[in-house]
Amino acid sequence: MRTTPPGSTPEKQGTGRGRAGDFILLALLLSSAAVHYTAVREVYLDAFRAMALAVRTALFP
Amino acid sequence: MELTFSILAVVATTGLIVAAHLLLALRCGADRVAELVIVTGTFACAQIVMSEIILGSMGALYPGLLTILNSVVALAIIAASSRNPSTPRSLLRRGARRITVVAGTIRDVTSWHHAALAFLALCTLLWVAAAVACLPPRGVDDLTYHLPPVFEYIATHRITLLPVELRLQFAYPQNAELLFLWPTIFLHSQQFVDGANIVFLLFSLVIVYGLARETGRRVEEALFIALLFFFTPVLLIQSGSNYIDLIVATFFLAALYCTLRFLRTAHPLSAHGAATAIGLACGMKYTMPFLLLPLFLVMLPPLSRLPKRHLAAVAASILSLGGWWYLRNALQLGNPLYPMNFHADGMGFMAGKGEFNLLGSLFNGKKWAWLYLRDIGIGTHDGGFGLLFWGFGTISLIVVVTRSLLSRPGTEKRMLLIWLQTIPMIAILLLVPENEFPFAPRFSVPAVAIGLLAFGELLSLITATRHRALLHLACTIFALHSVILLADAKSPTYRLDRVFSDRRHGIESSEFAYYQDSYAALGRWSHAWEPLDLLTRNAREGAACYIAAPKGLFLTAPLYGTRLQNRVWNFDPAPARSPDAFVYYQGGNGEVSYLGSKVTLDEVVAHPGYLLVSQSPEPGAFLFVNRSLLQDRRAHDDLAAFYQRGWPDGIAAARVVPSCLEDGLPVIASGSAGYGLMAQKLSGKLHNDVILAPPGWERRVAEARNFSACYSIAAPLAGYDARALPCPGIRIFKNTRKTKRYGEI
């Protein structure tokens, strides 16, 4: 079953790109995510706390 | 029964429209399933919007006429699409075959991360759907300017311009609002109006899937990217509201998809799909003509090589779908882009000083820091692109743009058309003045889709399965973070704990009661909106409601009631009768602004024909109604239940009052005890007339009604001779007017 549109070349994936390329991309992506997450984590942690409280209140009113 | 019929009518009519455009797209040779769905959805929305504009401008906006007009058009399209050699059955069989093939492929290629995201998305959809069904429309812009025109058009059967002196935004183009109007006019209820965005959220996923396929992603990768887009925080939070950014982003992306398809295939269907999406989007937001004109220009060279009728049809689609609002504004307000003014600071549509230094705006470090380090607006309907975009999308965009620029002309170069859309998208955001900036990230939502498409490209470059799995896991965790944000959202709230609690205890009230869980001002307003709805929702004829409030809190949508039974008296240019109800909101500094006739709070307090029904505990909202609204037995019961739920202490305290009163004099009361007495009165246990007064206004109420004697609660009336009555647990005074003695001045 063809799952790629015309013009795309999935076959080239996995060839000619070594582990170094993977690590560079991974490092870029994960470091960017880490920087952003560190900066905004409080917003998400507050939301997790609110959710936990809501669930606790619902289960043990 | 009536609701069931309405649901059937809207489902059947929408189904017929969709079927017609599906056949048309198949007949015209839609090549891919994504294209089939995108073009069909876009054409169907266009038909709906056009039919509403035509009937609305004629003053004939009735559900019956909408059904007839759309059915006739749909049947004509079906007939035209079914000419030989294709029959509807053969076309549908062809479409079904393709969908089956794609569904089979998706089933074959999906793995744990797809399943995890799909499960999370399903749970989230259930949460949002429950909020839509149980909570009222509660986005602040929904209540101020997105929904009032929708409700007014339904009430008057005509598309009119609401007073721009109240809201400049009433002059904004309203194609998106007309999509909210579609189910609402059939159901004649506010209950599901905030559910329309869910449909467009799902539609946008198909478009992102299609775009991902156009950028060369495999089915499983495209599916993954589309699922990630679902978890954009601002989209999730807007999905249960009537903010229009989600719909605008959907049609922007549809236009982008169809343009790309047209550039690749030169198929006229794609050009018409792009034109329809461009026209719809331009008729939704003033920024869209500026953002979508480049796409139209890109299409022009290949379009000019097609027969001329296609170019004419494309131009006609854009102008007819987008132009109506601009034409109306030009004729009625003298400015097609009213209130935008390119010569004014802030361009006239944003408070504060505008920044027209494009380069200065693009390199404004403070705004970039707000975006990247704070994801400004997160947790609200104003912003929040999420961890997936800022964590993975932005860096991916930088990489893929660099790759595209360095590549030889070809497919990758053409992808620049997608990647570079982020520049104007982010530019319009950075141009917003700093004081308005926290409310503006939602304008640039399509940038999130483009960032995620770039992330998809980077993901496809990673060769090792375990590295991809690591990123898939990170994405799933980030998606969960986006969902959790709903738990803490205030604007709008998605909290359902009070709903569940009420259901458990068998409490039935107006859904407006749940405004209490929103931010403070809506909580205060609910003290007027909830009882107003309770008093009018079963009435044969709704109420004409007068409103006065500070401009920022002049929220009119809830006045129409959950069943759209009421009218806003101030919007009627020539009201035939006096208002049936008055609602006021007094700000902390007493600020109130008026629209149309000025009737002050003092005048209503003093008017014997109107009674105070409820006010918020702190100074804020007041509801006064004409006595006639209190005649209905069911309204009595609902109002008594409202008092019992809200003021149990007052109910308990007032229980002894009937036995303490000596005669049938009226009782003037305020606060909790007053509501308790009202409950006693409404349930027939107290025969004295009870008149509620705002605290401190008791004497004014007594004097205005010329009472020579009356009871008061908690304190005697100044200017009256007062005697305390023996009554356990509550202080009651019998007040008798001091009479002037002969010769006294």
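These numbers come from a predicted model, not from an experiment.

**A word on the overall build of chain A**
Here is step 1: On a plain count of helices and strands, chain A comes out with one helix and zero strands.
Here is step 2: In chain A, which comprises 61 residues, the proportion classed as buried is 28%.
Here is step 3: For chain A, the accessible area works out to roughly 3900 Å², and carbon and sulfur atoms hold 66% of it.

**Quick word on the sheet that holds strand S1 (residues 544-548) of chain B**
Within a sheet, adjacent strands bond to each other through the backbone by hydrogen bonds, running parallel or antiparallel.
Residues and elements named next belong to chain B.
Here is step 1: Judged by pairing direction, the sheet is mixed, and its five strands sit side by side in the order S2-S1-S3-S5-S4 without closing on themselves. In the strand order of this sheet, the two ends are held by strand S2 (567-568) and strand S4 (610-615), each with one partner.
Here is step 2: With five bridges joining them, S4 and strand S5 (residues 621-626) adopt antiparallel strand pairing. What sits directly across from Leu611, in S5, is Val625.
Here is step 3: Relative to S5, helix H24 (residues 520-536) is tilted by about 15 degrees, and along the sheet it contacts S1, strand S3 (581-585), S4 and S5.

**Some points on the pairing of S4(B)**
Here is step 1: Buried residues dominate S4(B), accounting for six of its six residues.
Here is step 2: Linking S4(B) to S5(B), which pair antiparallel, is a turn of five residues.

**Things to note about the sheet that holds strand S6 (residues 667-669) of chain B**
Residues and elements named next belong to chain B.
Here is step 1: Strand order across the open sheet formed by five strands is S7-S6-S8-S10-S9, with mixed pairing between neighbours. On the outer flanks of this sheet lie strand S7 (690-692) and strand S9 (720-725), each paired with one strand and no other. Taking each pair of neighbouring strands and ignoring which way they run, the sheet shows an average axis angle of 30 degrees.
Here is step 2: Taken together, the five bridges between strand S8 (residues 709-713) and strand S10 (residues 732-737) define a ladder with antiparallel strand orientation.

**Some words on the pairing of S9(B)**
Residues and elements named next belong to chain B.
Here is step 1: Examined bridge by bridge, S9 and S10 share six bridges and lie antiparallel to one another. Across the sheet, the residue bridging to Tyr720 is Arg737, located in S10.
Here is step 2: Between S9 and S10, which pair antiparallel and follow one another directly, the connecting turn spans six residues, one of which, Gly729, has a positive phi of 85 degrees.

**Re unusual backbone geometry**
Residues apart from glycine generally show negative phi values, whereas peptide bonds are mostly found in trans.
Residues and elements named next belong to chain B.
Here is step 1: For the bond running from Tyr338 to Pro339, omega is 5 degrees, close enough to zero to count as cis.
Here is step 2: Along the chain, Pro339 falls in the loop between helix H14 (308-333) and helix H15 (358-362).
Here is step 3: With phi around 60 degrees, Ala266 is a residue other than glycine that occupies positive phi space.
Here is step 4: Structurally, the position occupied by Ala266 is in the loop between helix H11 (245-265) and helix H12 (268-282).
Here is step 5: For Ala266, a relative accessible area of 36% translates into the label partly exposed.
Here is step 6: Even without glycine at this site, Ala714 takes up a positive phi of about 80 degrees.
Here is step 7: Along the chain, the position of Ala714 falls in the loop between S8 and S9.

**Focus: the confidence of the model for chain B**
Here is step 1: Model confidence for chain B is summarised by a mean pLDDT of 91, while 96% of its residues fall at 70 or above.
Here is step 2: Taken together, the stretch residues 351-355 of chain B has pLDDT below 50 and engages in 20 contacts with residues farther than four places along the chain or on a different chain.

**Let's talk about the state of the cysteines**
Here a disulfide denotes a covalent bond joining the sulfur atom of one cysteine to the sulfur atom of another.
Residues and elements named next belong to chain B.
Here is step 1: Counted under the stated rule, the structure contains one disulfide over all chains.
Here is step 2: A disulfide bridge connects Cys660 with Cys727, and the sulfur atoms are separated by 2.0 Å. Note on the Cys660 and Cys727 pair: the S-S dihedral is about 75 degrees, so by sign convention the disulfide is right-handed. Taken together, the residues Cys660 in helix H28 (residues 657-660) and Cys727 in the loop between S9 and S10 connect sequence positions 67 residues apart.
Here is step 3: Note on Cys660: relative accessible area 12%, which makes it buried.
Here is step 4: A residue is classified by how much of its surface remains accessible, and Cys727, at 12% relative accessible area, is buried.
Here is step 5: Cys28 takes part in no disulfide bond, and the closest cysteine sulfur to it belongs to Cys258, at a distance of 13 Å.
Here is step 6: Overall, Cys28 belongs to the partly exposed group, its relative accessible area being 33%.
Here is step 7: Free cysteine: Cys710, not disulfide-bonded; nearest cysteine sulfur from Cys727 at 16 Å.

**Overview of the interface of chain A and chain B**
Here is step 1: Contacts between the two partners involve 35 residues from chain A and, on the opposite side, 49 residues from chain B.
Here is step 2: One can count zero salt bridges joining chain A with chain B.
Here is step 3: On inspection of chain A and its partner chain B, the count reaches nine residue pairs in polar contact (both at pLDDT 80 or more).
Here is step 4: A per-class count over the side of chain A that touches chain B returns 22 nonpolar, nine polar and four charged.

**Examining the nonpolar core**
All names here are of chain B.
Here is step 1: Core analysis: the biggest nonpolar cluster contains 278 residues, and Phe251, Trp419 and Tyr643 have the highest contact counts within it.
Here is step 2: Per element, the largest residue contribution to this core is 14 residues, and it comes from H11.
Here is step 3: Beyond its immediate sequence surroundings of up to four residues, Tyr643 is in contact with Val613, Ile651, Tyr675, Met678, Ala679, Leu682 and Leu692.

**Side note on the pattern of salt bridges**
Residue and element names in this part refer to chain B.
Here is step 1: Under the definition given, this model contains 32 salt bridges over all chains.
Here is step 2: Between Asp245 and Arg442 there is a salt bridge whose closest N-O contact spans 3.1 Å. Placement of Asp245 in helix H11 and of Arg442 in the loop between helix H20 (422-430) and helix H21 (446-461) is noted, with a sequence separation of 197 residues between them.
Here is step 3: Taking the relative accessible area as the measure of exposure, Asp245 reaches 4% and is therefore buried.
Here is step 4: The salt bridge partner of Arg403 is Glu457, with a shortest N-O separation of 2.8 Å.

**A closer look at the side chain of B:His113**
Here is step 1: With respect to the secondary-structure elements, B:His113 resides in helix H5 (residues 112-134).
Here is step 2: Within the local environment of B:His113, its side chain forms a polar contact with the side chain of B:His472, the two groups lying 3.3 Å apart.

**Things to note about the packing of aromatic side chains**
Residues and elements named next belong to chain B.
Here is step 1: Within this structure, the stated rule accounts for 34 aromatic pairs over all chains.
Here is step 2: Centroid distance Phe170 to Phe571: 6.1 Å. Interplanar angle 85 degrees. Geometry classified as edge-to-face. Here Phe571 lies in the loop between S2 and S3 and Phe170 lies in the loop between helix H6 (140-156) and helix H7 (175-187), a separation of 401 residues in the sequence. Each of the two residues, Phe170 as well as Phe571, counts as buried.
Here is step 3: Ring plane angle 35 degrees and centroid distance 5.6 Å describe the contact between Trp370 and Phe437, whose orientation is recorded as tilted. You can see Trp370 sitting in helix H16 (residues 365-374) and its partner Phe437 sitting in the loop between H20 and H21, a full 67 residues away along the chain.
Here is step 4: With relative accessibility at 16%, the residue Trp370 sits in the buried group.
Here is step 5: Residue Phe437 is classed as buried on the basis of its relative accessible area of 0%.
Here is step 6: Aromatic rings pair up to connect Tyr546, Trp569, Phe582, Tyr584, Tyr610, Phe622 and Phe624 into one cluster.
Here is step 7: Across from the ring centre of Tyr494, 5.0 Å away, lies the NZ or CZ of Arg138, which sits over that ring.

**Focus on the environment of B:Phe186**
All names here are of chain B.
Here is step 1: Here Phe186 shows up in helix H7.
Here is step 2: Considered as a pair, Phe186 and Leu228 are 42 residues apart in the sequence and their alpha carbons are 34 Å apart.
Here is step 3: Once you skip the residues sitting within four places of it in the chain, Phe186 turns out to touch Ser6, Ala9, Val10, Thr13, Pro63, Leu66 and Thr67.

**Some points on the side chain of B:Arg468**
Here is step 1: Relative to the helices and strands, B:Arg468 is located in helix H22 (residues 465-488).
Here is step 2: At 2.9 Å, the side chain of B:Arg468 forms a polar contact with the backbone oxygen of B:Ile462.

Rules used in this analysis
Residues numbered from 1 in each chain as written. Chains lettered and ligands numbered in written order. Predicted model: local features only at pLDDT ≥ 70, side-chain atom pairs only at ≥ 80, totals over all residues. Heavy atoms only, no water. Helix = DSSP H or I, 4+ residues; strand = E, 2+ residues; numbered from the N terminus. Buried < 20%, exposed > 50% of the residue type's maximum accessible area, 1.4 Å probe, protein only. Areas by Shrake-Rupley, 256 points an atom, 1.4 Å probe, with all protein chains shown as cover. Pairing = 2+ DSSP bridges. Contact = heavy atoms within 4.5 Å. Axes fitted to C-alpha atoms, helices over the stretch in contact; angles between N-to-C directions. pLDDT = per-residue confidence, 0-100. Disulfide = S-S within 2.5 Å. Salt bridge = Lys/Arg side-chain N within 4 Å of Asp/Glu carboxyl O. Polar contact = N/O pair within 3.5 Å; in protein donor to acceptor, adjacent residues only side chain to side chain. Nonpolar A, V, L, I, M, F, W, Y, C, P; charged D, E, K, R; others polar. Core = buried A, V, L, I, M, F, W, Y, C linked by side-chain atoms within 4.5 Å. Phe/Tyr/Trp six-rings, centres within 6.5 Å; stacked < 30°, edge-to-face > 60°. Lys NZ or Arg CZ within 6 Å of the ring centre and 35° of its normal.

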